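A structural walkthrough
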Amino acid sequence: MNFPADFIRFLKAASRIAVLTGAGVSQESGLRTFRDAQTGLWAQYKPEDLASPEAFARDPKLVWDWYAWRREAMKGVRPNPGHYALVELEKKIPQFTLITQNVDGLHRFAGSQNVLELHGNIQKVRCADCGTFTEEWGDDSETVPTCEKCGGLLRPDVVWFGEALPRAELEAAVNASRACQVYFSIGTSGLVQPAASLAHAARNNGSVVVEINAEPTPLTPKVDFAFHGKSGEILPDLLKAVWGD
Ligand code: BV8
Ligand code: ZN
C-alpha cells in the first residue's frame, strides 16, 4: 500500500494518537465480524436481538448459551498482524490511546497497554444482580449459572444494546479523541453509538482523521485519509512506510 507524503509527515510528527477499532481488526484472526452472518444453530438470530437486556430477561438461557458458544469459538483464536502493528505503534507515540468496541480481548492479548474496552469483555462474567465478578461457574446445561453471593443470574460483562457504556472508559475515550492530533477508525462500520461519534469529536478538535477499513462506511466521506483493505496488511505496511520497520 502506498501512503501519501503528507500522511507520512503527519504521522512522523504526531505525539498524540487515538485509535478506535471494531470487529474488522479481529476478522483476520478468524473471528466473524459483528455483522457477518452467524453460523450453525445461531444463524437464525441477529446479534442485535440477542445482545440486549430484554433478550436476557426474556430467555436468559438462550443468551447465556450464545455467549458460551462465542467464548468457545474464541479458544485458540490469536491476534493477527494488525493487532501487533498497533502494539508497535503504541511504543512509538508518547500519548497513544487504543479505544476498542471489541469484546474479544485480543488487543491486550497482543500486548497493547493503554486499551479502553468500551463494550466490555466477553471472557468476563458478572452477577446480573449484585455485579460480583466470578472466574468460574457451574456448567449445568439446563440452567444459567447463578451468583454464589446472592443467587442472581450470571451474565457476560459486555455492554448490551440499550445499556450505558462504562463511564470511565467512555470519558477517557472522548478526552483522547478531543486531544489527539491523529485519529484512526479501523475495522468498524461506524454504525454503533456512542463509539461512532468519537470520530466527530476528533474532527471538531481539528485532528487528522484516518479510516482503515475493508469497505467504505458512513465516515469515509468525512475523513482526511481513507485506506480500504485488510487492517492486518495495511497497518504493518504503515509502520514500515513511516518508521521503516
Ligand atoms: C447506549 C457488546 C444509551 C455485545 C456491542 C438509533 C440511532 C442511533 C443510535 C441508536 C439508535 N437506536 C439505539 C441506539 C443506540 C445503540 C446503537 O448504536 N444502535 C445502533 C445499532 C443503531 N447503542 C447502544 O445501545 C449503546 N448504548 O446507547 O446506551 C444509554 C445511556 C445512558 C443510560 C442507559 C442507556 C450500546 C452499544 C454497545 C452494544 N454492544 N457489543 C456483544 O458483542 O455481544 S456493539 C457490537 O457492535 C460489537 O461490540 C461491535 O464492535 C460493534 C460495532 O460493530 P463493528 O465493530 O463496527 O463491527 P461490524 O461488523 O459492524 O463492522 C466491521 C467492519 O470491519 C465492516 O465495516 C467491515 O467492512 C470491516 N472489516 C471486515 N474485515 C476487515 C475489515 N476491516 C479491515 N480489515 C479487515 N480484515
Ligand atoms: Zn450476585
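Figured I'd write up the structure that's included with this text. It should be emphasised that the depicted structure is a prediction, and the values quoted were computed from it without experimental measurement.

**Description of the coordination of the zinc ion (ligand 2)**
Between any two of four tetrahedral donors, the ideal angle at the metal is 109.5 degrees; between two of six octahedral donors, it is 90 or 180 degrees. Bound to the zinc ion (ligand 2) on the protein side are C127 (SG), C130 (SG), C147 (SG) and C150 (SG), at distances that span 2.2 to 2.4 Å. Along the chain, the residues donating to the zinc ion (ligand 2) fall in the pattern C-x2-C-x16-C-x2-C. Of the two residues, C130 sits in the loop between strand 4 (120–127) and strand 5 (133–134) while C150 sits in the loop between strand 5 and strand 6 (154–158), which places them 20 residues apart along the sequence. For C130, a relative accessible area of 38% gives the class partly exposed.

**Observations regarding the packing of helix 6 (residues 81–92) against helix 10 (residues 231–243)**
Following both chains from N to C, one finds helix 6 and helix 10 inclined at 30°, their axes separated by 7 Å at the closest point. In terms of orientation, helix 6 and helix 10 fall into the roughly parallel class. Pair helix 6 / helix 10 crosses with left-handed handedness. Contacts from P81, G82, A85, L86, E88, L89 and K92 of helix 6 reach helix 10 at S231, G232, L235, P236, L239 and W243.

**Brief notes about the side chain of S29**
Residue placement: S29 occurs in the loop between helix 2 (24–27) and helix 3 (47–50). Relative accessible area serves as the criterion here: at 14%, S29 is assigned to the buried category. Of note is the side chain of S29, whose polar atom sits 2.7 Å from the backbone oxygen of R78. Excluding residues within four positions of it along the chain, S29 makes contact with V77, R78, P79, N80, H83 and L106.

**Notes on the pattern of salt bridges**
If you walk through the whole model with that rule in mind, you get six salt bridges. Between K75 and E72 there is a salt bridge, and its shortest N-O distance comes to 2.9 Å. When its relative accessible area of 61% is taken as the criterion, K75 is described as exposed.

**Some remarks on the site of ligand 1**
Close contacts around ligand 1 come from 36 residues, with R35, Y67, R70, G162 and S189 the closest. One of the backbone N or O atoms of Q101 is found 2.8 Å from an oxygen atom in ligand 1. A distance of 3.0 Å is found between an oxygen atom of ligand 1 and a side-chain nitrogen or oxygen belonging to E215. In the complex, the protein chains occlude 73% of the 1500 Å² of accessible area that ligand 1 would expose alone. When each cavity is represented as a set of grid points, ligand 1 is found to reside in the largest pocket. Those elements that provide at least two residues to the shell around ligand 1 are helix 2 and helix 5 (60–74). Grouping the constituent residues of the shell around ligand 1 by class yields 15 nonpolar, 15 polar and six charged.

About the thresholds
Residues numbered from 1 in each chain as written. Chains lettered and ligands numbered in written order. Predicted model: local features only at pLDDT ≥ 70, side-chain atom pairs only at ≥ 80, totals over all residues. Heavy atoms only, no water. Donors = N, O, S within 2.8 Å, 3.2 Å for Na, K, Ca; no water. Helix = DSSP H or I, 4+ residues; strand = E, 2+ residues; numbered from the N terminus. Buried < 20%, exposed > 50% of the residue type's maximum accessible area, 1.4 Å probe, protein only. Axes fitted to C-alpha atoms, helices over the stretch in contact; angles between N-to-C directions. Parallel < 35°, antiparallel > 145°, perpendicular 65-115°, else oblique. Left-handed = near helix turned anticlockwise from the far one by under 90°. Contact = heavy atoms within 4.5 Å. Polar contact = N/O pair within 3.5 Å; in protein donor to acceptor, adjacent residues only side chain to side chain. Salt bridge = Lys/Arg side-chain N within 4 Å of Asp/Glu carboxyl O. Near = heavy atom within 4 Å. Areas by Shrake-Rupley, 256 points an atom, 1.4 Å probe, with all protein chains shown as cover. 1 Å grid on protein atoms, 1.4 Å probe; cavity = no way out; pocket = protein on both sides within 12 Å on 5 of 7 lines; lining within 4 Å. Sits in = over half its atoms within 2 Å of the grid points. Nonpolar A, V, L, I, M, F, W, Y, C, P; charged D, E, K, R; others polar.

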